[in-house]
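One-letter residues, chain by chain:
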There are 2 protein chains.
Amino acid sequence: MSEHSSQDIDALIEMMAKLPGLGPRSARRAVLHMIRKRALLLTPLADLMQSVAVSARECLNCGNIGTSDICGICASEKRATGMLCVVEDVADLWAMERTGVFKGRYHVLGGTLSALDSVGPEQLRIPKLIDRVDSEGISEVILALNATVDGQTTAHYIADQLEGRVQLSSLAQGVPIGGELDYLDEGTITAALNARKQI
Amino acid sequence: MSEHSSQDIDALIEMMAKLPGLGPRSARRAVLHMIRKRALLLTPLADLMQSVAVSARECLNCGNIGTSDICGICASEKRATGMLCVVEDVADLWAMERTGVFKGRYHVLGGTLSALDSVGPEQLRIPKLIDRVDSEGISEVILALNATVDGQTTAHYIADQLEGRVQLSSLAQGVPIGGELDYLDEGTITAALNARKQI
Ligand SMILES: [Zn+2]
Ligand SMILES: [Zn+2]
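Small disclaimer: the values here were computed from a predicted structure and weren't measured.

Please explain the overall build of chain A as it appears in this structure.
In terms of regular secondary structure, chain A is built from 8 helices and 7 strands. Oriented by its inertia axes, the alpha-carbon framework of chain A measures out at about 65 × 35 × 35 Å. The burial tally for chain A puts 52% of its 199 residues in the buried class. Pairs at least 24 residues apart make up 56% of the contacts formed inside chain A by residues separated by at least 6 positions. Accessible surface, chain A: about 8,900 Å² in total, of which carbon and sulfur atoms supply 51%. For chain A, the distance from the average site of its 19 positive side-chain charges to the average site of its 25 negative ones is 8 Å.

What is the right way to read the domain arrangement of chain A from this model?
Where interface size is given, it is often the accessible area lost as the parts come together that is meant. Split into domains, chain A comes out as domain 1 (3-55) and domain 2 (80-170). Summarising the inter-unit geometry, the C-alpha centres of domain 1 of chain A and domain 2 of chain A are found 36 Å apart.

So what exactly am I meant to see when it comes to the coordination of the zinc ion (ligand 2) here?
Ideal geometry at a metal centre: 109.5 degrees between donors when four sit tetrahedrally, and 90 or 180 degrees when six sit octahedrally. Surrounding the zinc ion (ligand 2) are the protein donor atoms Cys59(B) (SG), Cys62(B) (SG), Cys71(B) (SG) and Cys74(B) (SG), at 2.3 Å. The coordination sphere of the zinc ion (ligand 2) comprises 4 donor atoms, whose angles at the metal cover 104 to 115 degrees; the geometry is tetrahedral.

So what exactly am I meant to see when it comes to the packing of helix 2 (residues 24-36) of chain B against helix 3 (residues 38-55) of chain B here?
Between two packed helices, the angle of one axis relative to the other and the distance separating the axes together describe the packing. All names here are of chain B. Contact pair helix 2 / helix 3: the axes reach a minimum separation of 6 Å and the direction vectors enclose 115 degrees. Comparing the axis directions of helix 2 and helix 3 gives the class roughly perpendicular. In contact with His33, Met34, Ile35 and Arg36 of helix 2, helix 3 contributes Arg38, Leu41, Leu42 and Leu45. Here the residues of the contact of helix 2 with helix 3 are counted per class, giving 5 nonpolar, 1 polar and 2 charged.

Mind showing me how you'd approach the packing of aromatic side chains here?
A ring pair, where both rings are aromatic, is described by two values, the distance of the centres and the angle of the planes. All names here are of chain A. Counting across every chain of the model gives 2 aromatic pairs over all chains. A ring pair is formed by Phe102 and Tyr106, whose centres lie 5.2 Å apart and whose planes are at 65 degrees; its orientation type is edge-to-face. The class for Phe102 is buried, based on a relative accessible area of 4%. Accessibility expressed as a relative area gives 1% for Tyr106, which makes it buried.

Would you mind going over the coordination of the zinc ion (ligand 1) with me for this structure?
Residue and element names in this part refer to chain A. Taken together, Cys59 (SG), Cys62 (SG), Cys71 (SG) and Cys74 (SG) make up the protein donors of the zinc ion (ligand 1), found 2.3 to 2.4 Å from the metal. Of note is the zinc ion (ligand 1), whose 4 donor atoms meet at the metal with angles of 105 to 114 degrees in an arrangement that counts as tetrahedral. On the primary sequence, the residues serving as donors to the zinc ion (ligand 1) are separated as C-x2-C-x8-C-x2-C. Among the residues examined, Cys62 registers a relative accessible area of 1% and is labelled buried. Using a relative accessible area of 1% as the deciding quantity, one classes Cys71 as buried.

Explain the packing of helix 3 (residues 38-55) of chain A against helix 1 (residues 7-16) of chain B here, please?
As a packed pair, helix 3 of chain A and helix 1 of chain B sit with axes 10 Å apart at the nearest point and diverge in direction by 145 degrees. Considering how the two elements wind past one another, helix 3 of chain A and helix 1 of chain B form a crossing that is left-handed. From helix 3 of chain A, Leu40(A), Leu41(A), Pro44(A), Leu45(A), Leu48(A), Met49(A), Ser51(A) and Val52(A) reach across to helix 1 of chain B, where they touch Asp8(B), Ile9(B), Ala11(B), Leu12(B), Met15(B) and Met16(B). Residue composition of the contact of helix 3 of chain A with helix 1 of chain B, by class: 12 nonpolar, 1 polar and 1 charged.

Help me understand the UniProt feature "zinc finger region: C4-type" (unreviewed entry) in chain A in this model?
According to UniProt, the feature "zinc finger region: C4-type" (unreviewed entry) maps to residues 59-74 of chain A in the numbering used here. Along residues 59-74 of chain A the backbone is 19% helical and 12% strand, and the end-to-end C-alpha distance reaches 8 Å.

Is there a simple way to think about helix 7 (residues 149-162) of chain B in this case?
Note that an α-helix has 3.6 residues per turn; residues three or four places apart therefore point the same way. Residue and element names in this part refer to chain B. Across its 14 residues, helix 7 extends 20 Å between first and last C-alpha, which sits within 8% of the 20 Å expected from 1.5 Å per residue. Check the buried side of helix 7 and you find it contacts strand 3 (83-87), helix 6 (126-135), strand 5 (140-143) and strand 6 (167-170). The positive-phi residue at the C-terminal boundary of helix 7 is Gly164, with phi of around 85 degrees.

Explanation requested: the relation of the copies chain B and chain A in the structure shown.
What relates the two chain copies is a rotation about an axis together with a slide along it. Expressed as a screw transformation, the operator carrying chain B onto chain A has a rotation angle of 180 degrees and an axial translation of 0.0 Å, and the superposed copies differ by an RMSD of 0.1 Å. The operation mapping one copy onto its partner corresponds to a two-fold rotation axis. When C-alpha positions in chain B are compared against the rotation axis, the closest is assigned to Ala46(B), at 2.3 Å. Looking at the interface residues of chain B, 100% of them are also at the interface in chain A, so both copies use one shared face.

When you look at the pairing of strand 5 (residues 140-143) of chain A in this model, what are you seeing that I'm missing?
Residue and element names in this part refer to chain A. Both faces of strand 5 are covered, namely the face carrying Glu140 and Ile142 and the face carrying Val141 and Leu143. Here strand 5 pairs with strand 6 (residues 167-170) via 4 bridges, running parallel. Directly across from Ile142, in strand 6, lies its bridge partner Ser169. With respect to chirality, the unit in which strand 5 leads through helix 7 (residues 149-162) into the neighbouring parallel strand 6 is right-handed.

What is the right way to look at helix 6 of chain B in this model?
All names here are of chain B. Of the residues making up helix 6, those classed as buried are Ile126, Leu129, Ile130, Arg132 and Val133. When helix 6 is viewed along its axis, its buried side chains cluster within an angular range of 160 degrees and face the same direction. Packed against the buried residues of helix 6 are helix 4 (72-75), strand 3, strand 4 (105-108), strand 5 and helix 7. At the C-terminal side of helix 6, Gly137 shows a positive phi close to 60 degrees.

Rules used throughout
- Residues numbered from 1 in each chain as written.
- Chains lettered and ligands numbered in written order.
- Predicted model: local features only at pLDDT ≥ 70, side-chain atom pairs only at ≥ 80, totals over all residues.
- Heavy atoms only, no water.
- Helix = DSSP H or I, 4+ residues; strand = E, 2+ residues; numbered from the N terminus.
- Buried < 20%, exposed > 50% of the residue type's maximum accessible area, 1.4 Å probe, protein only.
- Contact = heavy atoms within 4.5 Å.
- Areas by Shrake-Rupley, 256 points an atom, 1.4 Å probe, with all protein chains shown as cover.
- Lys, Arg positive; Asp, Glu negative; His and termini not counted.
- Charge placed at Lys NZ, Arg CZ, Asp CG, Glu CD.
- Domains from an automatic or database assignment.
- Donors = N, O, S within 2.8 Å, 3.2 Å for Na, K, Ca; no water.
- Tetrahedral: all angles 85-135°; square planar, octahedral: opposite > 155°, others 65-115°.
- Axes fitted to C-alpha atoms, helices over the stretch in contact; angles between N-to-C directions.
- Parallel < 35°, antiparallel > 145°, perpendicular 65-115°, else oblique.
- Nonpolar A, V, L, I, M, F, W, Y, C, P; charged D, E, K, R; others polar.
- Phe/Tyr/Trp six-rings, centres within 6.5 Å; stacked < 30°, edge-to-face > 60°.
- Left-handed = near helix turned anticlockwise from the far one by under 90°.
- UniProt positions renumbered as here; feature names shortened; annotations may be inferred.
- Expected span 1.5 Å × (residues − 1).
- Least-squares fit on C-alpha atoms with pLDDT ≥ 70 in both.
- Pairing = 2+ DSSP bridges.
- Right-handed = clockwise from strand over helix to strand, strands pointing away.
- Arc of directions from axis to C-beta.

Right, dumping it as structure tokens:
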């Protein structure tokens, strides 16, 4: 700890610098900015973080992150039953939701199959996906995985498991090779969803 | 507020996106990351922010931000008396401190003179600087202002006020035209400080 500010301020800067997208310099800037906007920014942020730290949890059904055991999407009666959109990550689910186009429910895998990292179906939420297809009477599954090698390997594995049991499709037009959903604009995701092709 | 996560999580993302260097996308990533590292990141960050929100204050003497009315630098008996380094912003003071080269004390102006934005000497901490030169028996003032038009205008104004009363110098070699201190590496700042030229 240096003499120039104070232990707590230094510790806050150090911890902010660990957030993705921030480094030491931007963490220092952010902390000074927050201290200057104490009532508007620092105190509300502290309160919100405290509250989210207590309340945030994974949806037991789909893996989305929310503040209840069953997330708002799974709990909503407005969402089309019978349709599941499978994504790798919560950030991808949120990216899909921002398009407002998909009216069904989601299933978050929590990653992709990877022989290199010893990630098999059991490490992902694939068994739970198979369960849901049966127990929720799913008739259509959209595989909205990233257009990466691991993403596509995972999509093929799931397609094999579900073949003949449901209508399967994957995002098509508009997803660039090597592209990751969370980096795409909403129009591109919408186009890819609308032009999804059957497997 | 959307249905896809929860009010508190959405509010946290929205507020994080207001921090300098973060946008909506990086705020979403940061929040998901924090939720996943709840015990290591989210809870400690909330605690530190709460503590800093209560304790952070401007040093009454120099304008540095710390957690006491008189900052660690002003309070330290190890710092050379008689020498003041004048900077625009707290971030610049911290940048100077990281070099470890300057052994005197600081004076933070809180900005630069600007006719356009109606910032006169009274809006900055210039009167307090003149006071300190007298009351602290300052014999040398280093003007470490940014190499911008406003920074140099401000340096000239201060030099006029203090002329004949103290030895004046400004950072020289190594500060690029239009450059801002907080963007420079520590070696460049050190070189500029060591090669400071008398005005
Ligand atoms: Zn859910
Ligand atoms: Zn001070």
